[in-house]
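Residues per chain are reported as follows:
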Amino acid sequence: MHLPVSLDPLSEQERSGIGVRIESVCSPEPQRMIELGSMEEGSSLIDELIVLTSQSLCQLEIPEHFNIIKEIGRGKYGQVLLVTHRCKGTPMALKVLPKASTQLQGFLREYCISLHLSCHPCIVGLFGIAFQSSEHYGFAQELVTGRDLFAIIQPRVGIPESAVKRCAVQISCALDFIHQRGLVHRDIKPENILLLDAHCQRVKLADFGLTQRSGTLIRYISGTLPYMSPELCAMVLEEPQKQPKSPPLKVEPSLDIWAFAVLLFCILTGFFPWERCNDADDFYMEFADWRGGQSQSSLPSQWRRFTPACMEMFRRMLALDPNERCTIGEVRRYVGKDWVREKDANGWVGVNGDVGTSTPSPCSSSYCDER
Ligand SMILES: Nc1ncnc2c1ncn2[C@@H]1O[C@H](COP(=O)(O)OP(=O)(O)O)[C@@H](O)[C@H]1O
Ligand SMILES: [Mg+2]
């Protein structure tokens, strides 16, 4: 069996740098896309929140209001600080974005979308505090103490199957909530899934910096990631190309479904399935030949480890044509089936082991009713 790209461990220092190893298999992380405008005209709840927040955004200097304990994370766009509130002592995770590289409108959109979604049990909570300092925009998030999903992936191994299943149930529940609200997360990857414990009993989706309304048109992007779908990779502007070759692409929930499938492959195996979805990538082309059913191609070797039930789910999530890709509702039906659940002496239990225990399922709230 040949396996493509290993997810190698990263030191904290490496992760805090720009060219971290997981991304070194591909070009730099995609830039925020060029937005041509929304399909939905008129104001929405999020637009109203943005206007209200921009009118009341307070000006403060971080050390005057928060004790900074340490940096707990860093991504392409921001830095996350562990702080305590100076008056109340409450521990918080402060996401700060440098003004030099962040547009006010982009910050307001990230904050307001995060706030709008933060009531879901599988999405990171917010304190309702947003501000600007002389050098940063920032907002206060619930502190999630258990690292992120990337940090626990063992290269060439992945994470235990029971933990994968728990993540799959909870993240599909969060994505259903997001998609039902007409939004697309657009940055589904292990770094953006926060763990409340080491065994993924409770996980939370974070980072709404790239989230857009479904139907938003994008014209081109630069750089690729292994989580990006084929239709997105076709939008990449290669040097020295100046004009996009493809027509504008509508942001759809199917982008998240593709990324979620790649994430599940990564955490089940400790490998990326491919570096990018284009015809220069042999691993992708082998899969595309099989999935497209063009030739008599057999299932590529790195996919043969999965059970037929699991492979059927991947086949539906990784349809090359986004219009044929399954919805998050269908993904939730797959991850609700017996092959995902654990069995104990009393019969089937949820992957959270929650039946008959005092721990409520994170997906048992009204947001996550069984379909
Ligand atoms: N609420 C939180 N609690 C604990 N750690 C967090 C929290 N939010 C983010 N992090 C950590 O900080 C990293 C960067 O945060 P993120 O919001 O993804 O920034 P970016 O938009 O730059 O990618 C995450 O990958 C995660 O490791
Ligand atoms: Mg991030």
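For clarity, every value in this text was computed on a predicted model and none was experimentally measured. Along each chain, the written sequence defines residue order, and numbers are assigned to residues from 1. Each chain takes a letter, starting from A, and each ligand takes a number, starting from 1, following the order in which they are written. The predicted origin of the model limits local features to residues at a pLDDT of at least 70 and limits the giving and counting of side-chain atom pairs to 80 or more, whereas totals for whole chains, interfaces and linings rest on all residues.

Caption draft 1: The site of ligand 1, seen in detail. Residues in contact with ligand 1 amount to 22 residues; listed here are only the nearest, Gly-73, Gly-75, Tyr-77, Ala-93 and Asp-207. Secondary structure elements follow DSSP: runs of H or I no shorter than four residues count as helices, runs of E no shorter than two count as strands, and numbering proceeds from the N terminus. Elements supplying a minimum of two residues to the shell around ligand 1: β3 (66-74) and β5 (91-98). With three residues, the top contributor of residues to the shell around ligand 1 is β3. Think of it this way: take the backbone, place a C-beta atom on it, and check whether that atom is within 6 Å of the molecule or strand, in which case the residue is near it.

Caption draft 2: Highlighting the sheet that holds strand β2 (residues 58-59). Reading across the sheet, the six strands line up as β2-β6-β7-β5-β4-β3 and stay open at both edges, with mixed pairing between neighbours. Since the sheet does not close on itself, it has two edges, and those belong to β2 and β3, each with one partner. Where helix α5 (residues 104-117) meets the sheet, its contacts fall on β5, β6 (126-132) and β7 (136-141), and the angle it forms with β6 comes to roughly 170°. In this scheme, strands are said to pair when DSSP sees at least two bridges between them. By definition, residues are in contact whenever their C-beta atoms, placed on the basis of the backbone, come within 7 Å of each other. Axis definition: a line fit to C-alpha positions, over the contact stretch in the case of helices; interaxial angles, taken between N-to-C directions, run 0 to 180 degrees.

Caption draft 3: Spatial organisation of the pairing of β5. Where burial is concerned, most of β5 is hidden: six out of the eight residues are buried. Two successive antiparallel strands, strand β4 (residues 79-85) and β5, enclose a turn made up of five residues, where Gly-89 displays a positive phi of approximately 80°. Across six bridges, β5 lies against β7 in antiparallel orientation. Bridged to Lys-95 within β7 is Phe-139. With C-beta atoms placed from the backbone, a residue counts as buried when 20 or more other C-beta atoms lie within 10 Å of its own, as exposed when 12 or fewer do, and as partly exposed for counts between those limits.

Caption draft 4: Broad picture of the nonpolar core. Working definition: the nonpolar core is a set of buried Ala, Val, Leu, Ile, Met, Phe, Trp, Tyr and Cys residues, joined through C-beta atoms within 7 Å. Core analysis: the largest hydrophobic core is formed by 88 residues, its most contacted members being Cys-167, Ile-171, Phe-260 and Ile-267. It is helix α8 (residues 254-269) that contributes the most residues to this core, 13 residues altogether. Both domain 1 (39-141) and domain 2 (149-348) contribute no fewer than three residues apiece to this core. The residues contacting Phe-260, other than those within four sequence positions of it, are Ile-171, Leu-175, Ile-188 and Met-317. Residue ranges labeled as domains rest on an automatic or database domain assignment.

Caption draft 5: Representation of the UniProt feature "binding site: ATP" (unreviewed entry) in the protein. The positions that UniProt labels "binding site: ATP" (unreviewed entry) are, in the present scheme, Lys-95. Along the chain, the position of Lys-95 falls in strand β5. Since 28 C-beta atoms lie within 10 Å of it, Lys-95 is described here as buried. Contacts of Lys-95, omitting those with residues within four sequence positions, involve Gly-78, Val-80, Gly-138, Phe-139 and Gln-141. UniProt positions are given in the numbering used here, feature names are shortened, and annotations may be inferred rather than shown by experiment.

Caption draft 6: Up close: the packing of helix α6 (residues 161-180) against helix α11 (residues 328-335). Direction vectors running N to C along α6 and α11 enclose 160°, while the axes themselves pass 9 Å from each other. As judged from the angle between their axes, α6 and α11 are roughly antiparallel. Between α6 and α11 lies a crossing of left-handed hand. Contacts from Ala-168, Val-169, Ser-172, Cys-173, Leu-175, Asp-176 and His-179 of α6 reach α11 at Ile-328, Gly-329, Val-331, Arg-332 and Val-335. Residues are grouped as follows: Ala, Val, Leu, Ile, Met, Phe, Trp, Tyr, Cys and Pro are nonpolar; Asp, Glu, Lys and Arg are charged; every other residue, Gly included, is polar. Classifying every residue of the contact of α6 with α11 by side-chain character gives seven nonpolar, three polar and two charged. Just so you know how the angles are binned, under 35 degrees is roughly parallel, over 145 roughly antiparallel, 65 to 115 roughly perpendicular, and the rest oblique. Each helix crossing is assigned a hand: it is left-handed if the near helix lies turned anticlockwise from the far helix by less than a right angle, otherwise right-handed if that turn is clockwise.

Caption draft 7: Geometry of the pairing of β4. Note: β3 against β4, seven bridges, orientation antiparallel. Residue Phe-66 lies in a different strand from β4, and its bridge partner there is His-85. Between the antiparallel neighbours β3 and β4 lie four residues. In terms of strand pairing, β4 meets β5 through six bridges, oriented antiparallel. Looking at the pairing, Leu-81 lines up with Leu-94 of β5.

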